[in-house]
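# Understanding the architecture of this molecule
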Amino acid sequence: MTFACQPTTAARRHRRSLACLVAAAVAAAVGAHAPAAPAIAPTLAAHCVGCHGRDGEINGAVDLRALLEAGSAGVDADLLARVLDAVRDGEMPPPDAPPLADAARADLVAGLDGLLAVTAARPARTPLRRMTRFQYGNAVTDLLGLEGDLFALPECICRDISGYFAPASGRMPDTLMAGNRIMGKGQLIVDRLSGVLPFPQDPRAANGYDTRGDLLALSPVLMESFLELSRSIFASPEFDETTCGAWGRYFAPPDGSEPVPAAVSRRLADLLARAFRRPVDPDVLGRYVAYTLERIEAGDPFPTAMQAAAGAALASPRFLYLHDGVTTGPAPEPLDDHELAARLSFFLWSSIPDDELRGLADAGRLTAGPVLAGQADRMMDHPRMKRFCDAFAGQWLKVEQLVAVEPDPRLFPDFSRFGVVSHAHRASAHMMLEPLLVFETVFVENRPVTDLIHSDFTYRTPQLRQFIARAGTFTPPIDGPAWSETLRFERVPVTGLREGGVITTAAIMTMTSGPSETKPITRGKWVVETILNDPPPPPPGDVPPLAEAVAGPGLTQRQRFALHATAAACAGCHARIDPYGFALENYDPVGRWREVDGQGLPIDPSGVLFGSVPFRSVEELKAGLLAKRERFARAFAGHLLKYALGRELTTADRPALDRIVAHTAPAGHRLRDMLREVVLSEPFRTKFNPAAEPVEP
Amino acid sequence: MPARTTPSPALSRRRFLRGAAGTALALPCLESLEAAGTAAPPVRVAFYYVPTGVLLDEFFPGRATDPARMRSSPHAHLASRTLEPLEPVADKVTLVTGLDRIWRNTSDQHEQCGSCFLSSIDPRLPGGSRMPQGRTLDHVIAAAVGGDTPFRTLEFSGNTHRDHKESIHYDTISWYGPDHAAPSMRDPQLAYRRLFAGAATAPTARVTDLVLADARSLALELGAADRRKLGEYLESIRSIEVQMDRLAALRGELERMRLPEPAAAHLPRGEHLRLMGDLLVAALQSGLTNVATFMAAPERWDTGFLFEGISGTPLSHHLLSHVGWSEELRQIDRFYMAAFAALLEKMDAIREADGSTLLDNTILTYGSGLSNGAAHDVSDLPIVVAGRGGGRIASGRQIRCPPGTPLANLWLAQAAAVGLDLDSFADGTGVLPGVLVS
């Protein structure tokens, strides 16, 4: 049973306030569509209620009796959604129950879908959220027109050295130079302002992103960092007209054509409107102008006084927090133009709106669908989309976890002796960029997102190719480019389904392995989280320890972990996690193909996908995922929307996901199309911020 | 601008600000402390957290059945191999056995271990989060014993991982409230600069005025939930203002300590814990804070740590914990206990103004949110209370609690020890008997 749509705390609060309203709506809706419900009742009665409601047996806290009596007000949208997902993905009925025929399953899915469509879910709320470190750095860079970066961030893992990333071209070059920012120390040395220290990296949510509003907290220690950071930017000896593109716009002494107070006011109105993402309120502007003029009167040179005001603005909550205004009704309301501009630019560019976007918002034109779509297209052609690829792809794939991997050097000597001289030449430094470059290619070339499951190309360095082919340690020419931290990646064709896409890359396979053996459950969990966006619920509280005896030799990983599936408390989830991991057993702990496991025992990769599609190999598993392309497209759309909105998705977001998938289906779910549809989706364009706390019932 | 509505009276601006600043900062310090002036050292409260539980029969005296795993001691409450490092301060530590914590079936066990260790809110209480998590004890009692220290609380961590494998709930034991983490300092050099070389960069009052005005006007434009979240901003700014003033007043004291600045370096595990421990002790000694937490390592994270002296290759504490007894796991338990003992010895060597030691005036609790890590067991937690809390804490013994006693009963006792008589805390049912000097 899936818990993917667990209501957030905020959602639960709204449940209370809206309970009556929702109940009334459900009653009305179900009454109006009475024919939809009876179709599912016989199947539910025959296959589900025996374990979920009859005679007090309520497995997994799922009680389906209310569904049988649809028409009563007891139907809960969240429950419906969970049941629908479980039935559609073939998790339910479980393997030990009488099977559900394909036709009956399809009918049940359709019936549940129909019922869900008329069942009002609690509105989801996109919360106020503090900028992440990555967003802060980009926003300041763009606001001040800085040359280079504000600070060097390991968040952008794949560093574009040859200028390969050109989305307007629609084509990734066959050969490109890239650097691994996390694993090459030299990669962090970039043009930046000295004396500016970034604040600590933001935590990311489990199976989520660092944009999660509820987890982006502020504390005194972090506030100190923000204050110090905003001060240090302008105190840096390098901050001057050569490094700050906006110097003339804000900081250069006025030429005398207007009085100083007028110049201060005009310039600050522009600066604050950009920093705060909306035309500045006269009161707010007045305070900043007064502060600046005070400093000038106290003897500060004009540039210094203006920089002090700009520094304060960068520590203001109006800058630091992405926020939308209050709403008045019981349902979500459209964002205003400036709120929409900010949401769009932080989604695609991880930064504040540019002048064109701001101009459209000022003119009140952005909320119109075609204009919005046109702006999304324009922005997706811009090199700033590298920021989206950096921020989203790395977190979606979780490739940072590869940093700490330490394969046993006795078993995998060529992993750490990959290039001898430095950390940058551990195999993992090369591996990590492969799935990221595949992702960037899918974006730049607007390819179907199913290319992330399987693509007929990939990007590898010559060293990595040789490593994966087990062709011995690569011997680079002394002093040749291979000895530097700049890595040369080449686009290589992929034939067959063993390679291609992201799942079977050496990066993911190594990252989900231990020092000496693979970790099938970790691999399976990665697949259900990343590819299916269906994270398992927490393991039960009373896990019996696996007996030490079963760890002995002579058993494959699969045989050892079979014990998980025998304990009733574990079986449900492991039945849907483990098969993906076992299917990947043909990849060794450093991601290379193998026919036998580390003990020399034969590998059995077979399993059943979605409860109904048997597969005998990883190739067949991938083919099965490709055949169910809408399942992956939906999961991927969910990841995009979570990242964009900074929150968990709820049942209320399901229609939007359905539409994104449906609208992009004709062209094969291409990545740019999906991004555009996310931007056009209802959750992206609305807000729901009631003025009062919900009243406890 | 979006349509505005009048804020409800319940969340008026005034109350909003009072909530942010008032409750957190304006509670008077204890009369007893104030009356005593500088002569009576303040009581400090600190927590040392170890992830993933321990090997029970190596930890609890009398639990082992294999003679090879037993250790005798003149101090019955320390008669186990894991507790051996505490022998030098045996009469200043108390072993507390039989305490339980709540696990709520809404998220991973490890996710709740550290993040709910110091709160353990009854899930049946209203207003809870998806976990039994609330404002943690350190923040609750900081209001009482925080006094006029520059930092209300300080948070230290021994986590040096860079792979961002787990979310913040696995990595933080100190929380302002549900899902509102108090981030910890984990780089000794940066921590040093913040604590002992800070204040040079204090923001001017004008800047904080300016941004506070922005916060107040912004709050009027927001919905209720967002307004509450923005409270974090106001509280942070207020804390910093107070902190800067008080740091300036303490400057002479800090300079007299002559603590060397740690070098920026990748340190061996034990060395890193020792340096962070030094900073913790110095902060408590110098009056930078009276309340602190130290999370020795994060929960679950299966990335290995290189424990010098145990193994030449990195060991994953979490993965080892699920295999059962191993010599490595035993030594990891001991490693963290030895680091704890070193803290205690250091504190016991520091003389305070009245001749007592820093340890005499501190309540420093060692604990983990799991007992048997292999089974994710949240009952019979390993807990050691060190220090005498200014003479209010009984020590040198074992306290055996009846099965099912909430860990929060110990927290109620510790709150009482610093003069904070809480009607209730978390799922506690009453002050744990035997903790306080009767």
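Data block above holds the structure.
To start, this report covers the structure provided alongside it. Please read all numbers here as calculations on a predicted model, not as lab measurements.

## Description of the overall build of chain A
Tallying secondary structure elements over chain A gives 29 helices and 10 strands in all. A burial count over chain A gives 59% of its 697 residues as buried. Residue pairs at least 24 apart in sequence account for 74% of intrachain contacts in chain A once pairs closer than 6 positions are excluded. Counting every atom, chain A has about 24,900 Å² of accessible surface; 58% of that belongs to carbon and sulfur.

## A word on the sheet that holds strand β2 (residues 158-160) of chain A
All names here are of chain A. With antiparallel pairing, four strands are arranged side by side in an open sheet as β2-β3-β7-β6. What marks the edges here is a single partner per strand, and that holds for β2 and β6 (457-460). Averaged over neighbouring strand pairs, the angle between their axes works out to 40° when direction is ignored. Inspection of the sheet shows β2 paired to strand β3 (residues 175-180) by three bridges, in the antiparallel sense.

## Remarks on the interface of chain B and chain A
Residue-level contacts link 68 residues of chain B with 68 residues of chain A. Between chain B and chain A the total buried area reaches about 5,900 Å² when both faces are included, carbon and sulfur atoms providing 57% of it. Sorting the residues of chain B by area buried against chain A places His-164, Leu-210 and Asp-214 of chain B first, and these three jointly supply 10% of that buried surface. Connecting chain B to chain A are six salt bridges. Between Arg-287 of chain A and Asp-214 of chain B there is a salt bridge, with its nearest N and O atoms 3.6 Å apart. Taken together, chain B and chain A are joined by 17 residue pairs in polar contact (both at pLDDT 80 or more). Secondary structure elements with two or more residues in the side of chain B that touches chain A: β5 (180-181), α7 (205-219) and α8 (224-257) of chain B.

## Digging into helix α28 (residues 671-680) of chain A
Within α28 of chain A, eight of the 10 residues are buried, leaving the element largely enclosed by the surrounding structure. Leu-671, Arg-672, Asp-673, Met-674, Leu-675, Glu-677, Val-678 and Val-679 of chain A are the residues of α28 of chain A that are buried.

## Here we look at the nonpolar core
In this structure, Tyr-136, Ile-233, Trp-396 and Phe-636 of chain A are the most contacted members of the largest nonpolar core, which totals 176 residues. Apart from residues no more than four positions distant in its own chain, Tyr-136 of chain A is found in contact with Met-131, Leu-150, Phe-151, Phe-199, Phe-226, Leu-229, Ser-230, Ile-233, Leu-314, Phe-319 and Leu-320 of chain A. Judged by nonpolar contacts, the second largest core, of 62 residues, contains Phe-59, Phe-196, Leu-254 and Leu-280 of chain B.

## Description of helix α26 (residues 629-645) of chain A
An α-helical turn contains 3.6 residues, so a residue and the one three or four places further along point in the same direction. All names here are of chain A. When the terminal C-alpha atoms of α26 are compared, their 24 Å separation across 17 residues agrees well with the 24 Å that a helix rising 1.5 Å per residue should span. For α26, the buried fraction is high: 15 of the 17 residues fall into the buried class. Positioned one or two residues after α26, Gly-646 has a phi angle of 70°, which is positive.

Calculation notes
Residue numbers run consecutively from 1 along every chain, following the written order of its sequence. Chain labels run from A onward and ligand labels from 1 onward, assigned in the order the entries are written. Given that this is a predicted model, residues contribute local features only at a pLDDT of at least 70 and side-chain atom pairs are listed and counted only at 80 or more, while totals for whole chains, interfaces and linings are drawn from all residues. Each side-chain value is derived from all of the structure's non-hydrogen atoms; neither hydrogens nor water enter the calculation. Helical segments are the DSSP runs of H or I of at least four residues, strand segments are the runs of E of at least two, and each set is numbered from the N terminus. Each residue gets one of three labels from its accessible area relative to the maximum for its type: buried under 20%, exposed over 50%, partly exposed in between, using a 1.4 Å probe on protein chains only. We call two residues in contact whenever any of their non-hydrogen atoms come within 4.5 Å of each other. A 1.4 Å probe and the Shrake-Rupley method give the accessible areas. Residues count as covered only by the protein chains that appear here. Any two strands between which DSSP finds at least two bridges are classified as paired. Only the stretch in contact is used when fitting a helix axis, every axis being a line fitted to C-alpha atoms; angles between N-to-C directions are given from 0 to 180 degrees. Buried area: the accessible surface (1.4 Å probe) lost by two parts on joining, summed over both. Any Lys or Arg side-chain nitrogen found within 4 Å of a carboxyl oxygen on Asp or Glu counts as a salt bridge. Under the rule applied, a polar contact is a pair of N or O atoms within 3.5 Å (in protein, one hydrogen donor and one hydrogen acceptor; residues adjacent in sequence only if both atoms are side-chain atoms). The nonpolar core is taken to be a set of buried Ala, Val, Leu, Ile, Met, Phe, Trp, Tyr and Cys residues, with the residues joined through side-chain atoms within 4.5 Å. An expected span of 1.5 Å times one less than the residue number is assigned to each helix.

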